[in-house]
Amino acid sequence: MKLNNTFKVSALVLAMALAGCGGGDIVLDASDNSTYTDNSDNSVTGETGGGDTNVCASYTDESGVLQQGTEEDDNCRYTSQFVSSSNPILTSVTFSALENDGAHIFNESLYIGQSYDSLSDAAAAGITEGGDGPSLFVEAGATLAFQSGTAVVINRGSQIRAEGTSTAPVTFTSETDIDGNITPEETGAWGGMVINGFGFTNGCEYESGWAFEPNSALDEGSALELVTDADCSIAVEGLIGNDETTYGGELPEDNSGELSYVVVKHAGSALSPGNELNGITFGAVGSETTVSNLEIYSNIDDGIEFFGGGVNVENYVAVYVQDDSIDIDDGYYGTITNALVIQGGGIDAAIGTRTGAHCVESDGASTRDEDSVFDEDYLSRATITNLTCISSAKNEDTAGNGDPGAGINFEEGHLLTVTNSIITTAYAGDDEAENNNYCFQAEDDIDAIQVAAGLLTFSENIFACPDMVADDLDLGTVDTSSDQYTTAVSRRADGAAGPFSGTVDAFLDDTGNLTSEVTVRADEGVTTNILSGFYSVTQADMLVDGTAVSFAAGSTFTADDLSWTYGLIDGARGQALWFEDGQTPGDR
């Protein structure tokens, strides 16, 4: 399909006028895109052949033997003798920034701490919470690089402390990226990261009555507690054999460390057949963990995926993620604040097509039956606020993914809250009425019941897609006499909107959102103005189908806020974004 684009660079205007049902055009200006002992020792550990001090990371292993990387020009290399999935590091270790943009290069996976098959085995080893095991310290400006089929894994009880800055972020990437042998949208050059905790996951069975709060804040008898004789040690998706590792427990406030100003690039390769890794997998990661200023760039599977847990994420960026940029499963109940998602446009000739599935894919339960978890009242209940989702509007099955390029999908009973966000396919709008590149999808019967009962919150959002909803569910067909509906209504908060009947379209309109089923046109007046490039337009200038917007929407990032990222701003990217001046996105 031909797209009519008019661009503004500096003083010029990028305008894409998109007319939708009921009339109206859309303009999006893309011009502005310009407690554990640390036994590591990186100072006087060993000497190189020339007699200089070896700057590579080191630690003393359980046998008292010093293990250290080997210098290779400006880089350091670490073999399987230093670390692998079958040879995890069991003491704390530090990786510092190397001079001349050197990288710490790993031949095998970087595993921190021991994996235990059960909570009782972990407790017998003195591991019951984050900080009981070793920590991985990654200092500001450090780069760690890996091979295809390898990963970074932080086991339960261990912590990662990757603490970059806005001028010196921490980078996890592939050796091919370090060598310059990679294209901008290439994915799967290494595996990705896995962080495991002792937090909540509805993949396990708990006593009833927990209120999604830290145990330390609850009275005795109200804390999160597994049912009698139950264990909670779930194997991480995609890791088998020596790579296998587990997550889960009954400590909602568990602390797996800190990620700040961290960039994960070109990941997603499989460590087991058919199971590509996410950029970062969070397995029951607890609420005391800190995650802020995090980017996933060019990943073949999901950007970030939560299997339970309550870790909050602030300032998240996902660029060219080929699957779901945010994926929520198994009882995740944290908050994601201020997020920018830009799906792939296929500018990279090595890719050739647009990429990206959902900006947000979310399940109330996936490991266990959602009806059972509904009865327990332990379904996922994430909150997302100030999200900007720019979908590539690709077809199903393009780029090896069975989902279309779309906005928000929720299924299996997720009690999702989304506020003050912009969801749009407008830069690559699809004017065919096949409900393919939708803004919004409620997928299952249990979702229709909970939407109708008023348990989901979508308010002060802008949805701008030619295909507004995937399937225009009729909430009026929900059986309001069923036990499940009656239970759902009884759980609605005091003062919450609802119950609802009618279509999902009507639900969005009735709950304070603005919707525009725009199509790609450039020959009529501007009536919708929501984005300038990927930045949100100021509220005073926002229009949706000619209507002024009475609320702030979209991410709040400025250019200064994003100076640490890769792929967005000139000087720190390998190519222009697909909706910028002169660019033509790849095939749908």
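The structure displayed is predicted, hence computed values, not measured ones. (Residues numbered from 1 in each chain as written. Predicted model: local features only at pLDDT ≥ 70, side-chain atom pairs only at ≥ 80, totals over all residues. Heavy atoms only, no water.)

Nonpolar side chains in soluble globular proteins tend to end up buried together. Residues Leu 110, Leu 136, Phe 172, Ile 280, Phe 282, Phe 440 and Phe 458 are the most contacted members of the largest nonpolar core, which totals 118 residues. Element by element, the count of residues in this core is highest for helix H4 (residues 445-453), at six residues. With residues near it in sequence (within four places) discarded, Phe 458 still touches Ile 408, Phe 410, Leu 416, Val 418, Phe 440, Phe 463, Phe 507, Leu 508, Thr 511 and Asn 513. In this structure, Tyr 320, Ile 390, Tyr 427 and Ile 569 belong to the second largest nonpolar core, which totals 30 residues. (Core = buried A, V, L, I, M, F, W, Y, C linked by side-chain atoms within 4.5 Å. Buried < 20%, exposed > 50% of the residue type's maximum accessible area, 1.4 Å probe, protein only. Helix = DSSP H or I, 4+ residues; strand = E, 2+ residues; numbered from the N terminus. Contact = heavy atoms within 4.5 Å.)

Note on strand geometry: in a regular strand, side chains alternate between the two faces of the sheet. Burial of the side chains of strand E24 (residues 326-329) extends over both faces: Ile 326 and Ile 328 are buried on one face and Asp 327 and Asp 329 on the other. In this sheet, E24 lies alongside strand E22 (residues 304-307) in parallel orientation, the contact comprising four bridges. From the neighbouring strand, Phe 306 faces E24, where its bridge partner is Ile 328. Across three bridges, the pairing between E24 and strand E26 (residues 358-363) is parallel. Bridge pairing in E26 places Ile 326 opposite Val 360. (Pairing = 2+ DSSP bridges.)

By the secondary structure assignment, Gly 69 is in the loop between strand E3 (66-68) and strand E4 (70-72). Overall, Gly 69 belongs to the buried group, its relative accessible area being 3%. The spatial distance from the C-alpha of Gly 69 to the C-alpha of Ala 57 is 6.0 Å, given a sequence separation of twelve residues.

On to the pairing of strand E9 (residues 135-139). Direction of pairing for strand E6 (residues 93-95) relative to E9: parallel, over a ladder of three bridges. Residue pairing in the sheet places Val 93 in a bridge with Leu 136 of E9. When E9 meets strand E12 (residues 159-163), the two strands line up parallel, connected through five bridges. Within the sheet, the bridge partner assigned to Val 138 lies in E12 and is Ala 162.

Our next topic: the confidence of the model for the chain. When pLDDT is averaged along the chain, the result is 89; 88% of the residues meet or exceed 70. In the predicted structure, residues 1-25 sits below a pLDDT of 50 and forms 84 contacts with residues beyond four places in sequence or in another chain. Contacts for the low-pLDDT stretch residues 31-37, under 50 throughout, to residues beyond four places or in other chains number 30 contacts. (pLDDT = per-residue confidence, 0-100.)

This part is about H4. Of all nine residues that make up H4, eight are buried, and the element is covered over most of its length. Within H4 the residues assigned to the buried category are Ile 446, Asp 447, Ala 448, Ile 449, Gln 450, Val 451, Ala 452 and Ala 453. Against helix H3 (370-376), strand E28 (406-411), strand E31 (438-442), helix H5 (483-490) and helix H6 (504-510) lie the buried residues of H4. In the stretch just after H4, Gly 454 is the one whose phi turns positive, near 90 degrees.

This next bit is on the pattern of salt bridges. Taken as a whole, this structure holds eight salt bridges when the rule is applied. With a closest N to O distance of 2.9 Å, Glu 72 and Arg 77 form a salt bridge. In this structure Glu 72 comes out as partly exposed when scored by relative accessible area, which is 33%. (Salt bridge = Lys/Arg side-chain N within 4 Å of Asp/Glu carboxyl O.)

One open sheet holds the ten strands; their spatial order is E8-E11-E14-E20-E22-E24-E26-E28-E31-E34, and the pairing between them is parallel. Both edges of this open sheet fall to strand E8 (110-112) and strand E34 (467-469), since each of them pairs with a single strand only. Direction aside, the axes of adjacent strands within the sheet are offset by 10 degrees on average. Where E28 meets E31, three bridges bridge the pair, whose relative direction is parallel. Counted as the bridge partner of Asn 409 is Gln 441 from E31. (Axes fitted to C-alpha atoms, helices over the stretch in contact; angles between N-to-C directions.)

Two elements in contact, H4 and H5, have axes separated by 9 Å at closest approach and are oriented at 40 degrees. Our classification of the angle between H4 and H5 gives oblique. As for how H4 packs across H5, the hand of that crossing is right-handed. Of the residues in H5, those touching H4 at Ile 446, Ile 449, Ala 452 and Ala 453 are Gln 484, Tyr 485, Ala 488 and Val 489. (Parallel < 35°, antiparallel > 145°, perpendicular 65-115°, else oblique. Left-handed = near helix turned anticlockwise from the far one by under 90°.)

Looking at the element boundaries, Asn 401 is found in the loop between strand E27 (383-390) and E28. Judged by relative accessible area, Asn 401 falls into the buried class, the value being 9%. When the C-alpha atoms of Asn 401 and Gln 322 are compared, they prove to be 7.7 Å apart, with 79 residues separating the residues in sequence. Once you skip the residues sitting within four places of it in the chain, Asn 401 turns out to touch Gln 322, Asp 323, Ala 357, Lys 394 and Glu 396.

A few words on the packing of aromatic side chains. Tallying each qualifying case throughout the model produces 35 aromatic pairs. Where Phe 306 meets Tyr 332, the ring centres are 4.1 Å apart and the plane angle is 20 degrees; that geometry is what we call stacked. With Phe 306 in strand E22 and Tyr 332 in the loop between E24 and strand E25 (335-342), the pair connects residues that are 26 residues apart, well separated along the chain. On the basis of relative accessible area, Tyr 332 is assigned to the buried category, the value being 0%. Ring centres of Phe 458 and Phe 507 lie 6.3 Å apart, and the angle between their planes is 75 degrees; this geometry places the pair in the edge-to-face category. With a gap of 49 residues between them, Phe 458 in strand E32 (residues 457-459) and Phe 507 in helix H6 connect regions that are remote in the sequence. For the pair Phe 458 and Phe 507, one class covers both residues: buried. Pairwise contacts between aromatic rings join Tyr 59, Tyr 78, Phe 82, Phe 95, Phe 106, Phe 146 and Trp 190 into one cluster. Over the face of the ring belonging to Phe 374 we find Arg 491, whose NZ or CZ atom lies 4.5 Å from the ring centre. (Phe/Tyr/Trp six-rings, centres within 6.5 Å; stacked < 30°, edge-to-face > 60°. Lys NZ or Arg CZ within 6 Å of the ring centre and 35° of its normal.)

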